[in-house]
Amino acid sequence: MGTPYVLKSGDNAGKALEVLMFQVDGVGAVRGMSKWTETDRNSGFLRRVKGLLERARTPQVKQACKCGHQAKYISVTIKVDGVGWHDYHCDSCKVLRNSDTSLVPLNYGGLRHFGVKIDKKLFMQRLRSACGLPAKGRLNAQACHDAIYPAPAPKPKPEPRPEPPAKPKQLELL
Ligand SMILES: [Zn+2]
């Protein structure tokens, strides 16, 4: 629900906040904005930015774990000469193959597991794909928005009106 927030000024003018959340440098930019001093003028904007950072911790991951549940992590082996990318895991299947492997959450917070930019980029590509977004190239603002904010739950069908309880028969006094 809702629409992306397109920035009107600054280094990222014309870009949507939600798109920045799927770009390595963009995440840093949004984090930076969240630390601005609050004023009367920017308080609404700051609320939006902070809400976005909170919400983007649990993106709408489409990638499934091998058990079929929604994946929440990717297992990786981080070595000096590069990263080995392994499987996607849900909460119940996050068993590591060996002690070299670590679980990285499928959200922007996973970036901090990687020391160098190329690995951060490779992680972001996997995060994007896992969320049903193109791994490389241009991102659609609305698609990024919808990958962060959950769709509203479908309205439940109105329950059929229950029959009024039958009036208890008056007990006849004997
Ligand atoms: Zn699983």
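Look a little higher up for the structure.
Let me sum up the structure you'll find in this document.

Definitions and cut-offs
- Residues numbered from 1 in each chain as written.
- Predicted model: local features only at pLDDT ≥ 70, side-chain atom pairs only at ≥ 80, totals over all residues.
- Helix = DSSP H or I, 4+ residues; strand = E, 2+ residues; numbered from the N terminus.
- Buried ≥ 20, exposed ≤ 12 C-beta atoms within 10 Å, placed from the backbone.
- Contact = placed C-beta atoms within 7 Å.
- Pairing = 2+ DSSP bridges.
- Axes fitted to C-alpha atoms, helices over the stretch in contact; angles between N-to-C directions.
- Expected span 1.5 Å × (residues − 1).
- Arc of directions from axis to C-beta.
- Core = buried A, V, L, I, M, F, W, Y, C linked by C-beta atoms within 7 Å.
- Parallel < 35°, antiparallel > 145°, perpendicular 65-115°, else oblique.
- Left-handed = near helix turned anticlockwise from the far one by under 90°.

A look at the overall build of the protein chain
Part 1 of the argument: What the protein chain contains, in helices and strands, is 5 helices and 3 strands.
Part 2 of the argument: Secondary structure elements of the protein chain occur, N-terminal to C-terminal, as α-α-α-β-β-β-α-α.
Part 3 of the argument: When the backbone C-alpha atoms are referred to their principal axes, the protein chain occupies close to 95 × 50 × 30 Å.
Part 4 of the argument: Burial statistics for the protein chain: of 174 residues in total, 22% are counted as buried.
Part 5 of the argument: Partitioning the intrachain contacts of the protein chain with sequence separation of at least 6 by distance along the chain shows that 51% fall at a separation of at least 24.

Re the sheet that holds strand E3 (residues 101–105)
Part 1 of the argument: Reading across from one edge, E2-E1-E3 is the order of the 3 strands in this open sheet, with antiparallel pairing throughout. Only two strands of the sheet have a single partner each, and these edge strands are strand E2 (82–89) and E3. Direction aside, the axes of adjacent strands within the sheet are offset by 35 degrees on average.
Part 2 of the argument: In the sheet, strand E1 (residues 73–79) pairs with E3 via 5 bridges, with the strands oriented antiparallel.

With respect to helix H4 (residues 117–130)
An α-helical turn contains 3.6 residues, so any two residues separated by three or four positions project in the same direction.
Part 1 of the argument: Relative to the 20 Å expected for 14 residues at 1.5 Å per residue, H4 spans 20 Å between its end C-alpha atoms, a close match to the ideal helical length.
Part 2 of the argument: Of the residues making up H4, those classed as buried are Phe-123, Met-124, Leu-127, Arg-128 and Ala-130. The buried residues of H4 occupy an angular sector of 160 degrees when projected down its axis, which confines them to one face.
Part 3 of the argument: Where H4 is buried, its residues meet helix H2 (24–34), E2 and E3.
Part 4 of the argument: Count one or two residues on from H4 and you reach Gly-132, which has phi positive near 80 degrees.

Considerations on the nonpolar core
Part 1 of the argument: Residues Met-21, Val-30 and Cys-144 are the most contacted members of the largest nonpolar core, which totals 31 residues.
Part 2 of the argument: If you list the elements that add at least two residues to this core, you get helix H1 (17–20), H2, helix H3 (43–55), E1, H4 and helix H5 (141–148).
Part 3 of the argument: With 4 residues, H4 is the largest single contributor of residues to this core.

What about H2?
Part 1 of the argument: Those residues of H2 lying buried are Gly-26, Val-27, Val-30 and Met-33. One face of H2 carries all of its buried residues, which in axial projection span an arc of 125 degrees.
Part 2 of the argument: Of the surrounding elements, those touching the buried residues of H2 are H1 and H3.

A few points about the pairing of E2
Part 1 of the argument: The sheet contact formed by E1 and E2 spans 6 bridges and is antiparallel. Note that in E2 the partner of Val-76 across the bridge is Trp-85.
Part 2 of the argument: Here E1 folds back onto E2, and the loop between the two strands holds 2 residues.

Here's the deal with the environment of His-145
Part 1 of the argument: Looking at where His-145 falls in the secondary structure, it is placed in helix H5.
Part 2 of the argument: When the C-alpha atoms of His-145 and Ala-29 are compared, they prove to be 17 Å apart, with 116 residues separating the residues in sequence.
Part 3 of the argument: When residues no more than four places from it in sequence are discounted, the contact partners of His-145 are Gly-2, Thr-3, Pro-4 and Glu-18.

Focus on the packing of H2 against H3
Part 1 of the argument: Relative to each other, H2 and H3 sit at 130 degrees, their axes nearing to 9 Å. The orientation of H2 relative to H3 falls into the category oblique. Remark: the crossing between H2 and H3 carries left-handed chirality. Contacts between H2 and H3 involve Val-30, Arg-31, Met-33 and Ser-34 on the former and, on the latter, Val-49, Lys-50, Leu-52 and Leu-53.

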